[in-house]
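Letter by letter, the chains look like this.
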Amino acid sequence: MKDLTHFVNGQHTAGTSGRFADVYNPALGEVQARVPLASKAEVDAAIAAAAEAQPGWAATNPQRRARVLMEFVRLLNRDMDKLAEALSSEHGKTLPDAKGDVQRGLEVIEFCIGAPHLLKGEFTDSAGPGIDMYSMRQPLGVVAGITPFNFPAMIPMWKMGPALACGNAFILKPSERDPSVPLMLAELLQEAGLPDGVLQVVNGDKEAVDAILDNPAIQAIGFVGSTPIAEYIYGRGCSNGKRVQCFGGAKNHMIVMPDADMDQAADALVGAGYGAAGERCMAISVAVPVGEETADRLIEKLVPRIEKLKLGPYTAGNDVDYGPVVTAEAKARVLGLIDKGVAEGAELVLDGRNFSLQGYEKGFFVGPTLFDRVTTDMEIYRTEIFGPVLSTVRAKTYEEALGHAMDHEYGNGTAIFTRDGDTARDFASRINIGMVGINVPIPVPLAYHTFGGWKKSGFGDLNQHGPDAFRFYTRTKTVTARWPSGLKEGGEFHFKQMD
C-alpha cells in the first residue's frame, strides 16, 4: 500500500500524527493508499513556514510571479495524462472528465497570468493643492483553501492561482478522499519556480481545519463543500477576524418550456444530471417541465437515453459515461435517499439501486435513477443527493416553475430551455440564483468571469476566480501625498539686489 505525504517547504513530508485515512479505488472498492492526517502542531508549523516565506514572494514583482504561473501552465499541459490518471483512480470519474477537471483549473491559472494588470491601483493627481492620491492592492499574507473531493484539481487551482498571483503564501487542505493530485500540483508549481514554503499542502480532517480557522497568521480562507460545513467554517473563521468565502450545497433546477427543443433538453439533462455520477455542485438534479404534455414528452425522450448510459471504471475506455461514487458511505447515502423517495410516493421510472458490474461487484457504483411526479415537500427534492439521481417536478405554468427554483433554499445554478427570448430574459432577470444558463445546462462561468451561488449556496461577499478573486486575496491601501515645493525655483545665477 502506498503511503502519501504532506508537501511542506518544497518537499514531500511524512506525517507525524500517527493518524491516517484510507484512500480507495472507488471502482474496485479497495484501499489503494493511505494519507496522513495532520495534527494541529503540524498545521501550525506549516503556516509558520509559509509566513516566513511570504514576504519574499510578495516582494517579487507581479510580472515575475506571473512567469511562474506561465511555466506552471506548460507543466500542466505536459503532465495532463498523468494527472488525469491519478485523479480518476482516486475519484472514480472517467478520464475525459478528469482531464476537464484539470483543464478548468488550468484556465483560471491562465487568467491569473494577467495579474500585473489586475493588481494595478488607481491614481488621482491634484486631488488638492499639490496633493496626489493613489491606491495600492497588496497581498493579505498567508491565506488558506479547504477544497472538496469532487474536483481535486480544478478547485485547488481556483483558490491557489489568484492567491499566489497576488503575492500571498497559500495553505491548501485538500480532501483526504483523493489527495494525490493536489500533491502533484504542488510538485509542478515547485518545478515552475515557486519558492519553498509559498505553497504548503497539509492533508487532514476536522483537526486540521480547526487549526487553520484558529491560527492568527491565516488572513483569509476559501472553502467549497457542503452547506453545513460552509456555515461552520464561515462562522468560526469570521469570528476569528478572517476574510472568508464559503460555497456550499446546491439543488439546481432546469426549467423546460413547452417550446423547447425536447431532444436538446433531454440530452442536456442526461449529461448534466448523470455526468461524474452526479457528484457536481452544478449538476442538474431537478427537471421542471411546464405543462403535462411537456413533461410526458420529456420523460419519453429521457428514458431511452438514460437506459443506454454506460457505467464502468475509468480504465474501460473513453466511451464510459460515468463511474462510481467516491466512497461506500456516499453510495449508501444515495441509495438511502432513493428508498426515501419511493417511500414518500415519487414515481420511480428508472431504478439504479441494484446495478452491478461484473468484475467490479465491490465498487461504489449506483445506476442512473429517474423519478417523476416529485413534489416539493419530499426529501429527495429538498436535499442535495450528490449522486446519479434526477427528479422531475411537474409545473402547470412558467410562474409555478420559476417559483420552485426561487423558493428553494439553495441558489447555486439554474437553467431554462426555451426558444422564446422574452421568457429567457424574464427568467435571467428575476431568478434569485447566482449562475444562470439559457439553453446551457451547467452554466459554469469561464475563468475571466466569477463563480458563486446565492442563498445557502454561498457565504461571503466575493466569489471565486475572475476579478472577484483578486479583490478577495488583496487589501487596498490608499496614499495621500504632498511634497514641499521650496526647491522648484532652481538655482540663481546673478547677484540679488539689496533689500
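- As named in an unreviewed UniProt entry, the protein chain is methylmalonate-semialdehyde dehydrogenase (CoA acylating), taken from Rhodovulum visakhapatnamense.

### Examining the overall build of the protein chain
- The secondary structure content of the protein chain amounts to 16 helices and 23 strands.
- In terms of overall dimensions, the protein chain is globule-like: its C-alpha atoms have a radius of gyration of 26 Å, near the 23 Å expected for 499 residues.
- Its C-alpha atoms give the protein chain principal-axis dimensions of roughly 105 × 60 × 40 Å.
- Burial status across the protein chain gives 55% buried among its 499 residues.
- Nonlocal contacts in the protein chain, meaning residues at least 24 apart in sequence, comprise 73% of its contacts between residues at least 6 apart.
- Just so you have it, the protein chain exposes about 21000 Å², and 51% of that area is on carbon and sulfur atoms.
- The averaged location of the 62 negative side-chain charges in the protein chain is 4 Å from the averaged location of its 49 positive side-chain charges.

### Considerations on the pairing of strand β16 (residues 369-372)
- Taking every second residue as pointing to the same face, both faces of β16 are buried, with Thr369 and Phe371 on one and Leu370 and Asp372 on the other.
- With three bridges joining them, strand β15 (residues 347-350) and β16 adopt antiparallel strand pairing. Within the sheet, the bridge partner assigned to Leu350 lies in β16 and is Leu370.

### Points about the packing of aromatic side chains
- Scanning the model with the defined rule gives eight aromatic pairs in all.
- Arranged with centres 6.0 Å apart and planes meeting at 75°, the rings of Phe111 and Phe470 form a pair that is edge-to-face. Highlighted residues: Phe111 in helix α4 (residues 95-112) and Phe470 in helix α16 (residues 467-472), separated in sequence by 359 residues.
- Of the residues examined, Phe111 reaches a relative accessible area of 19% and is grouped as buried.

### Regarding the nonpolar core
- Counting residues in each nonpolar core, the largest one holds 67 residues, and the members touching the most others are Phe72 and Phe170.
- Here Phe170 is in contact with Val143, Ala144, Gly145, Lys159, Met160, Ala163, Leu164, Val198, Leu199, Gln200 and Tyr473, once residues within four sequence places are set aside.
- Met254, Tyr274, Leu302 and Leu309 belong to the second largest nonpolar core, which has 60 residues in total.

### Points about the sheet that holds strand β4 (residues 20-25)
- Spatial strand order, β1-β5-β4: three strands in an open sheet with mixed pairing. Here the strands that pair on one side only, and so sit at the sheet edges, are β1 (2-3) and β4.

### Quick notes on the UniProt feature "domain: Aldehyde dehydrogenase" (unreviewed entry) in the protein chain
- The UniProt feature table records "domain: Aldehyde dehydrogenase" (unreviewed entry) at residues 16-479.
- Its end C-alpha atoms 46 Å apart, residues 16-479 is made of 42% helix and 21% strand.

### Some details on the side chain of Thr474
- Counting through the fold element by element, Thr474 comes out in strand β23 (residues 474-482).
- According to the relative accessible area criterion, Thr474 is buried, its value standing at 2%.
- Looking at Thr474, its side chain comes within polar contact range of the side chain of Arg137, at 3.0 Å.
- Within the local environment of Thr474, its side chain forms a polar contact with the backbone oxygen of Phe470, the two atoms lying 2.5 Å apart.
- Excluding anything up to four places from it in sequence, Thr474 contacts Leu119, Arg137, Gln138, Leu140, Cys166 and Arg243.

### Overview of the packing of helix α1 (residues 40-59) against helix α8 (residues 206-214)
- At a closest axis distance of 9 Å, the pairing of α1 and α8 adopts a crossing angle of 45°. Here α8 runs oblique to α1, going by the angle between their axes. Here the hand of the crossing between α1 and α8 comes out right-handed. Listed contacts from α8 to Lys40, Val43 and Asp44 of α1 are Glu207, Ala208, Ala211 and Ile212.
- Among the residues forming the contact of α1 with α8, the class breakdown is four nonpolar, no polar and three charged.

### Some thoughts on unusual backbone geometry
- Notably, Ser126 is not glycine yet its phi reads approximately 55°, a positive angle.
- Its location among the elements puts Ser126 in strand β6 (residues 123-128).
- Classification of Ser126 by relative accessible area gives exposed; the value is 56%.
- With phi around 55°, Lys455 is a residue other than glycine that occupies positive phi space.

### Regarding the sheet that holds strand β17 (residues 389-392)
- Strand order in the open sheet formed by seven strands is β15-β16-β17-β14-β13-β19-β20, and the pairing between neighbours is mixed. Both edges of this open sheet fall to β15 and β20 (435-438), since each of them pairs with a single strand only. Neighbour-to-neighbour, the strand axes of the sheet open up by a mean angle of 20°, direction not taken into account.
- In this sheet, β17 lies alongside β16 in parallel orientation, the contact comprising three bridges. The residue of β17 that forms the bridge with Thr369 is Val389.
- Across the sheet, helix α12 (residues 328-343) lies against β15, β16 and β17, angled at about 25° from β16, the strand it touches most.
- Relative to the sheet, helix α14 (residues 398-407) contacts β13 (252-256), β14 (284-289) and β19 (413-417), its axis offset from that of β13 by approximately 170°.

### Description of the state of the cysteines
- Applying the stated criterion across every chain yields a total of zero disulfides.
- Considering cysteine sulfurs only, Cys112 is the nearest to Cys166, which forms no disulfide, with 7.5 Å between them.
- Free cysteine: Cys281, not disulfide-bonded; nearest cysteine sulfur from Cys246 at 14 Å.
- With a relative accessible area of 16%, Cys281 lands in the buried category.

### Examining helix α7 (residues 180-192)
- Its 13 residues place the ends of α7 19 Å apart at the C-alpha level, agreeing with the 18 Å of an ideal helix rising 1.5 Å per residue.
- Across the 13 residues that make up α7, a large majority, ten, are buried.
- The complete set of buried residues in α7 reads Ser180, Val181, Pro182, Leu183, Met184, Leu185, Ala186, Leu188, Leu189 and Ala192.
- Positioned one or two residues after α7, Gly193 has a phi angle of 115°, which is positive.

### Let's talk about the pairing of β13
- Of all five residues that make up β13, five are buried, and the element is covered over most of its length.
- What you see with β13 is no split at all: Asn252, Met254 and Val256 on one side and His253 and Ile255 on the other are buried throughout.
- In the classification by handedness, the crossover that spans β13, the intervening helix α10 (residues 262-274) and the parallel β14 is right-handed.
- Summarising the sheet, β13 and β19 pair through four bridges and their orientation is parallel. Bridge pairing in β19 places Met254 opposite Ala415.

Rules used in this analysis
- Residue numbers restart at each chain and count upward from 1, following the sequence in its written direction.
- For this predicted model, a pLDDT threshold of at least 70 governs which residues receive local features, and a threshold of 80 or more governs which side-chain atom pairs are given and counted, while totals over whole chains, interfaces and linings are taken from all residues.
- Here the side-chain values reflect all heavy atoms present in the structure, with hydrogen atoms and water set aside.
- Strands here mean DSSP runs of E at least two residues long; helices mean DSSP runs of H or I at least four residues long; both are numbered from the N terminus.
- Computation of the radius of gyration draws on C-alpha atoms alone. For the globule rule, the value is 2.2 Å times the number of residues to the power 0.38.
- When accessible area is computed with a 1.4 Å probe and restricted to protein chains, residues below 20% of their type maximum are described as buried, those above 50% as exposed, and intermediate ones as partly exposed.
- Note on contacts: a residue pair is in contact if any heavy atoms of the two residues lie within 4.5 Å.
- Methods summary: accessible areas were calculated by the Shrake-Rupley approach with a probe of 1.4 Å, and residue burial reflects only the protein chains presented.
- Only four residue types enter the tally: Lys and Arg on the positive side, Asp and Glu on the negative side; His and the chain ends are excluded.
- Charge coordinates come from a single atom per side chain, which is NZ of Lys, CZ of Arg, CG of Asp or CD of Glu.
- Whether two strands pair depends on DSSP finding at least two bridges between them.
- In this scheme Phe, Tyr and Trp rings, the latter by its six-membered ring, pair at centre separations within 6.5 Å, and the angle between planes marks the pair as stacked below 30 degrees, edge-to-face above 60, and tilted otherwise.
- By nonpolar core we mean a set of buried residues, namely Ala, Val, Leu, Ile, Met, Phe, Trp, Tyr and Cys, connected to one another through side-chain atoms within 4.5 Å.
- UniProt positions are given in the numbering used here, feature names are shortened, and annotations may be inferred rather than shown by experiment.
- Here a polar contact means two N or O atoms within 3.5 Å. Within protein one must be a hydrogen donor candidate and the other an acceptor candidate, and residues neighboring in sequence count only if both atoms are side-chain atoms.
- The axes used here are C-alpha line fits, helices contributing only the stretch in contact, and every angle between their N-to-C directions lies in the interval 0 to 180 degrees.
- For classification purposes, an angle smaller than 35 degrees is called roughly parallel, one larger than 145 roughly antiparallel, one from 65 to 115 roughly perpendicular, and anything else oblique.
- Crossing handedness is read from the near helix: turned anticlockwise from the far helix by less than a right angle, it gives a left-handed crossing, and turned clockwise, a right-handed one.
- Three classes are used: nonpolar for Ala, Val, Leu, Ile, Met, Phe, Trp, Tyr, Cys and Pro, charged for Asp, Glu, Lys and Arg, and polar for all others, with Gly counted as polar.
- Any cysteine sulfur atom paired with another within 2.5 Å is treated as part of a disulfide.
- An expected span of 1.5 Å times one less than the residue number is assigned to each helix.
- For crossovers, right-handed means that the path from the first strand over the helix to the second runs clockwise, given strands pointing away from the viewer.

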